[in-house]
Amino acid sequence: FDAGILTLGHSITSRMVIPPNDANYTISAFCSVDCTEEYLPPDGIKIFANVLHTHLAGTGVALSVIRENDNGEYQEIRPVDRNLQYDFNFQQTNHLMEEITVLPGDILLLRCYYNTRGRSGVTIGGESTNEEMCLAFPVYYPRVEMNSCASFPIFDQLLSFVLQDVPAEYQESFAVFQNDTSGPTIQAVLNQLEWNEQQINSFEENVYQTGTQFAFCYSDTDFNSTLEQIPDVCCYYNPAKPVRNCTLVETEEPDGASMTHMNAGLLVLLLSSLVFFI
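This is a predicted model, so every value here is computed, not measured.

1. Examining the overall build of the protein
Then, in step 1: Of regular secondary structure, the protein possesses 6 helices and 18 strands.
Then, in step 2: Burial analysis of the protein (278 residues in total) assigns 53% to the buried set.
Then, in step 3: For the protein, contacts bridging at least 24 residues in sequence account for 80% of all contacts bridging at least 6.

2. Concerning the pairing of strand E15 (residues 223–229)
Then, in step 1: In this sheet, E15 lies alongside strand E14 (residues 212–218) in antiparallel orientation, the contact comprising 7 bridges. Within E15, the residue paired with Thr212 across the bridge is Gln229.
Then, in step 2: The hairpin turn running from E14 into E15, its antiparallel successor, is 4 residues long.

3. Regarding the packing of aromatic side chains
Then, in step 1: For the coordinates displayed, the defined rule picks out 13 aromatic pairs.
Then, in step 2: Pairing Phe48 with Tyr141 gives two aromatic rings, centres 6.2 Å apart and planes at 45°, and the pair type is tilted. With Phe48 in strand E5 (residues 45–53) and Tyr141 in strand E12 (residues 139–141), this pair connects stretches of sequence that are 93 residues apart.
Then, in step 3: Ring geometry for Phe216 against Tyr218: centres 6.5 Å apart, planes inclined by 5°, an arrangement best described as stacked. No difference in accessibility class separates Phe216 from Tyr218, as the two residues are buried.
Then, in step 4: One aromatic cluster is present, built from ring pairs that chain together Phe155, Phe161, Phe174, Phe177, Trp195 and Phe203.

4. Topic: the pairing of strand E13 (residues 148–153)
Then, in step 1: Along E13, 6 of the 6 residues are buried, which leaves the element largely enclosed by surrounding structure.
Then, in step 2: Residues Ser148, Ala150 and Phe152 of E13 are buried on one face, and the alternating residues Cys149, Ser151 and Pro153, pointing to the opposite face, are buried as well.
Then, in step 3: Where strand E2 (residues 7–10) and E13 come together, 4 bridges link them in parallel fashion. Looking at E13, one finds that His10 is bridged to Ser151.
Then, in step 4: Inspection of the sheet shows E13 paired to E14 by 6 bridges, in the antiparallel sense. In the sheet register, Pro153 faces E14, and the bridge partner there is Gln213.

5. Considering the state of the cysteines
Here a disulfide denotes a covalent bond joining the sulfur atom of one cysteine to the sulfur atom of another.
Then, in step 1: For the structure shown, the criterion picks out 4 disulfides.
Then, in step 2: Note that Cys31 is cross-linked by a disulfide to Cys149, the S-S spacing being 2.0 Å. Taking the sign of the torsion about the S-S bond as the criterion, the disulfide between Cys31 and Cys149, at about 90°, is right-handed. Taken as a pair, Cys31 in strand E4 (residues 25–31) and Cys149 in strand E13 lie far apart in primary sequence, 118 residues in all.
Then, in step 3: Judged by its relative accessible area of 0%, Cys149 is buried.
Then, in step 4: At a sulfur-sulfur separation of 2.5 Å, the disulfide partner of Cys234 is Cys235. In this structure the cystine formed by Cys234 and Cys235 twists about its S-S bond by roughly -90°; its chirality is therefore left-handed. Neither residue differs from the other here; Cys234 and Cys235 are each classed as buried.
Then, in step 5: Numbered by order of appearance in the sequence, the disulfide-linked cysteines of the protein pair as 1-5, 2-6, 3-4, 7-8.

6. Looking at the side chain of Arg15
Then, in step 1: For Arg15, the position within the fold is in the loop between E2 and strand E3 (17–18).
Then, in step 2: One buried charged residue, Arg15, forms no salt bridge at all, with the nearest opposite charge on Asp156 at 8.2 Å.
Then, in step 3: Side-chain polar atoms of Arg15 contact the backbone oxygen of Pro153, separated by 3.3 Å.
Then, in step 4: A polar atom in the side chain of Arg15 sits 3.5 Å from the backbone oxygen of Ile154.
Then, in step 5: Those residues within four positions of Arg15 in sequence are excluded, and the remaining contacts are His10, Phe152, Pro153, Ile154, Phe155, Thr181, Ile186 and Tyr208.

7. Considering the environment of Arg143
Then, in step 1: Assignment of secondary structure puts Arg143 in the loop between E12 and E13.
Then, in step 2: By relative accessible area, which is 43% here, Arg143 ends up partly exposed.
Then, in step 3: Measuring from C-alpha to C-alpha, the distance between Arg143 and Lys46 comes to 9.6 Å, with 97 residues separating the pair along the chain.
Then, in step 4: Look past the residues within four positions of Arg143 in its chain and what remains in contact with it is Asp2, Ala3 and Gly4.

Rules used throughout
- Residues numbered from 1 in each chain as written.
- Predicted model: local features only at pLDDT ≥ 70, side-chain atom pairs only at ≥ 80, totals over all residues.
- Heavy atoms only, no water.
- Helix = DSSP H or I, 4+ residues; strand = E, 2+ residues; numbered from the N terminus.
- Buried < 20%, exposed > 50% of the residue type's maximum accessible area, 1.4 Å probe, protein only.
- Contact = heavy atoms within 4.5 Å.
- Pairing = 2+ DSSP bridges.
- Phe/Tyr/Trp six-rings, centres within 6.5 Å; stacked < 30°, edge-to-face > 60°.
- Disulfide = S-S within 2.5 Å.
- Lys, Arg positive; Asp, Glu negative; His and termini not counted.
- Salt bridge = Lys/Arg side-chain N within 4 Å of Asp/Glu carboxyl O.
- Polar contact = N/O pair within 3.5 Å; in protein donor to acceptor, adjacent residues only side chain to side chain.

Here it is, written out as structure tokens:
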């Protein structure tokens, strides 16, 4: 078989917004059912290595395979890769001792965690290390035509956040988001807020938990997109039994994984190959 590298995660765009003064803000992105159904072969693909990537505010990253069960609920089949002690200065390749199968119709869910304590304004997505990314690069076989699979929020629930949690004197300025979501505009508008705990939690809920995402994937010749919410995962993987409504708090790495340091040249190659449609 030929092997391939998939670029997976949150589109590199200013629509990725992380408020300041939060020790554990969560960004989620996914590769959709439509994309895995379109591009993966009937027997699926097997992931045997992976690279996780954020910038300086990142403190943890977790990549999971999500599948709909017989009850119509989404559950985590297996964690692919997880590093909850992530350090930008020590990025590495995880060579899985056990291959992870991803089938057509599965979802690849990526969660990234950030600490923005000490930052005075919002952090947006971008290529600078003071901006942020939320990416994974699973290495797999057999190679498929899909090059990238990603998502980003369309801010369709932003009005709920504005009406509930933005002071009246600032609410009118948020109307600009209807036509302009460039980085300078997003930062100028959102940096009017002091970002208390209620505002941070509400923004995360309305943007990533209940808000609609633009999910897309593409090959050299095709482009596929859909509008949908990030899957609400009912059950997380446990070797003995599913655990319902759990929170990702463990610090150990997934069973059957060993870590080896990544060649810096490979990281440069991976990042230089990123091409995301915004």
